[in-house]
Amino acid sequence: MTSTLRDLHERLTEVENKLFVPGHFKGAEAECKAILNDSYTKTDPQLQACTVILCIQAMFEQRRSPKDVDKFVLEQYETMNKAPYQVFAIWFQFKVYRRDLRSAYDAGVDYLMNMKDTLERWQYEEFTELLVFHCLTELGEFKPAMKFLRNNKYLSDAKRNKFIKDLHRLFRERSSGDTASSSSSTNPKRLTDTPSPSPDRPDADPEMKQNENEREEGGYNGGEGKAISSPPHSTSGEVRSERIRNKGGRPSRWRALLQILHRVSKRMKEIAPVFFAIAFVAVLLVLMRNAVSSVRLDRLKAEAKRFLSLFFALDPLSA
C-alpha cells in the first residue's frame with residue numbers, strides 16, 4: 001500500500017506540473033478524477049483533499065458551472081460538512097466568484113455551526129472573514145452580518161472588534177458610493193423620491209448609528225485567493241483601504257502652501273541664469289571702476305611729483 005500511495009502522490013505531482021501548470025485543464029481534471037477513483041486514494045485523506053482541490057481549480061479554469069462542481073465535491077464527501085476545511089474553503093471561494101452567493105451563504109453558515117468545535121482558531125477566523133466580507137456584504141446583508149459578529153462567541157475580542165470596525169467602514173463606503181451615483185443620475189424618479197431604509201440595512205440598528213461617525217484607519221484587504229487565482233480572498237484578516245478620499249473636495253492649507261512654494265521654486269529656476277548674469281556684470285563693472293580710479297590716482301601723484309621737482313629745480317636769482 002505504501003508504494004501505491006507513493007505512486008499516487010507522484011502521479012498527482014506530474015498532473016500539476018505537466019498538465020495544470022501548462023494550461024491543459026481538461027486533461028488535469030480527467031487525471032485527478034482517475035486518481036480519486038483509485039481505492040487507495042481514500043485511505044490517505046491528505047492525498048484525497050489535494051486531488052479534489054486541484055480538480056476544482058481545473059474545473060474553475062474551464063468555467064464549469066457551480067452545479068458541476070457541487071456534484072463533484074458531493075461525490076467525494078457525501079455532504080459538504082464532511083469535507084476538510086481546505087477543500088470547503090476553496091469550494092466556497094469558487095461559489096462566491098461565480099456569484100452563487102445565496103447557496104454559498106447557506107452552506108457556509110451550516111458548515112460553521114457544525115464544525116465550529118473542530119476548526120482551529122485561525123481557520124474559524126479566516127472563514128468568518130470570507131463569509132462576512134465576501135458573501136454577506138455582497139448580498140447587502142449588512143445588518144445580519146453585524147449581528148453575527150456581535151453575537152459570535154468563538155472569535156477573539158480583538159478580531160471581533162476589528163471585523164466590526166471594518167464592516168462599519170465598508171458600509172460607509174458603499175453608502176457614499178450609492179449616494180454619489182444616485183445624485184449624478186438623470187432619472188427624475190430617483191432624484192425626487194427618497195427610499196425608505198431597508199430592514200436588511202444597518203440603518204435601523206441603533207448600535208450601528210452610534211458608530212456611524214467613528215473614524216477608523218485601515219481598509220479591507222481583498223487580495224486574490226491562494227488556491228484559485230481569480231476569486232477575491234484574503235487570509236491575513238487585514239483590511240486595507242482601496243482609495244483615499246479628500247473630504248469636501250477642497251485641498252488643505254498645507255497642500256495649497258506646498259503648491260505655492262513649488263511654483264515659486266520653479267519660477268526661480270527659470271530666472272536664475274538671468275540673475276547670475278546681471279550679478280556678474282555688476283561685479284565686473286565695480287572692478288573696472290576701481291581699476292580706473294587707481295590708475296588716475298597714480299597718474300596724479302606722478303604729475304605732482306614732476307611739478308614739484310621742476311619748481312624746486314629753478315634758481316630764484318636766475319631771472
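Read on for an overview of the structure. (Residues numbered from 1 in each chain as written. Predicted model: local features only at pLDDT ≥ 70, side-chain atom pairs only at ≥ 80, totals over all residues. Heavy atoms only, no water.)

**Comments concerning the overall build of the chain**
Part 1 of the reasoning: Of regular secondary structure, the chain possesses 12 helices and zero strands.
Part 2 of the reasoning: The order of helices and strands in the chain, counted from the N terminus, is α-α-α-α-α-α-α-α-α-α-α-α.
Part 3 of the reasoning: Burial statistics for the chain: of 319 residues in total, 33% are counted as buried.
Part 4 of the reasoning: Sequence-distant contacts in the chain: of pairs separated by 6 or more residues, those separated by 24 or more amount to 62%.
Part 5 of the reasoning: Taken as a whole, the chain presents about 21100 Å² of accessible surface, with 57% of it coming from carbon and sulfur. (Helix = DSSP H or I, 4+ residues; strand = E, 2+ residues; numbered from the N terminus. Buried < 20%, exposed > 50% of the residue type's maximum accessible area, 1.4 Å probe, protein only. Contact = heavy atoms within 4.5 Å. Areas by Shrake-Rupley, 256 points an atom, 1.4 Å probe, with all protein chains shown as cover.)

**Notes on unusual backbone geometry**
With glycine set apart, most residues show a phi of negative sign, and most peptide bonds adopt trans.
Part 1 of the reasoning: The phi torsion at Glu 78 lies on the positive side, around 65°, for a residue other than glycine.
Part 2 of the reasoning: The backbone of Arg 99 shows a phi angle near 65°, a positive value even though the residue is not glycine.
Part 3 of the reasoning: Tracing the backbone shows Arg 99 in the loop between α5 (85-97) and α6 (101-115).

**Structural notes on the packing of aromatic side chains**
Geometry of an aromatic ring pair is reported as the spacing of the ring centres plus the angle between the planes.
Part 1 of the reasoning: Taken as a whole and assessed by the stated rule, the structure comprises 13 aromatic pairs.
Part 2 of the reasoning: Pairing Tyr 85 with Trp 122 gives two aromatic rings, centres 6.0 Å apart and planes at 85°, and the pair type is edge-to-face. In this pair, Tyr 85 sits in helix α5 while Trp 122 sits in helix α7 (residues 121-136), placing the two residues 37 residues apart along the sequence.
Part 3 of the reasoning: Of the residues examined, Tyr 85 reaches a relative accessible area of 7% and is grouped as buried.
Part 4 of the reasoning: On the basis of an interplanar angle of 45° and a centroid distance of 5.7 Å, the ring pair of Tyr 124 and Tyr 154 is categorised as tilted. (Phe/Tyr/Trp six-rings, centres within 6.5 Å; stacked < 30°, edge-to-face > 60°.)

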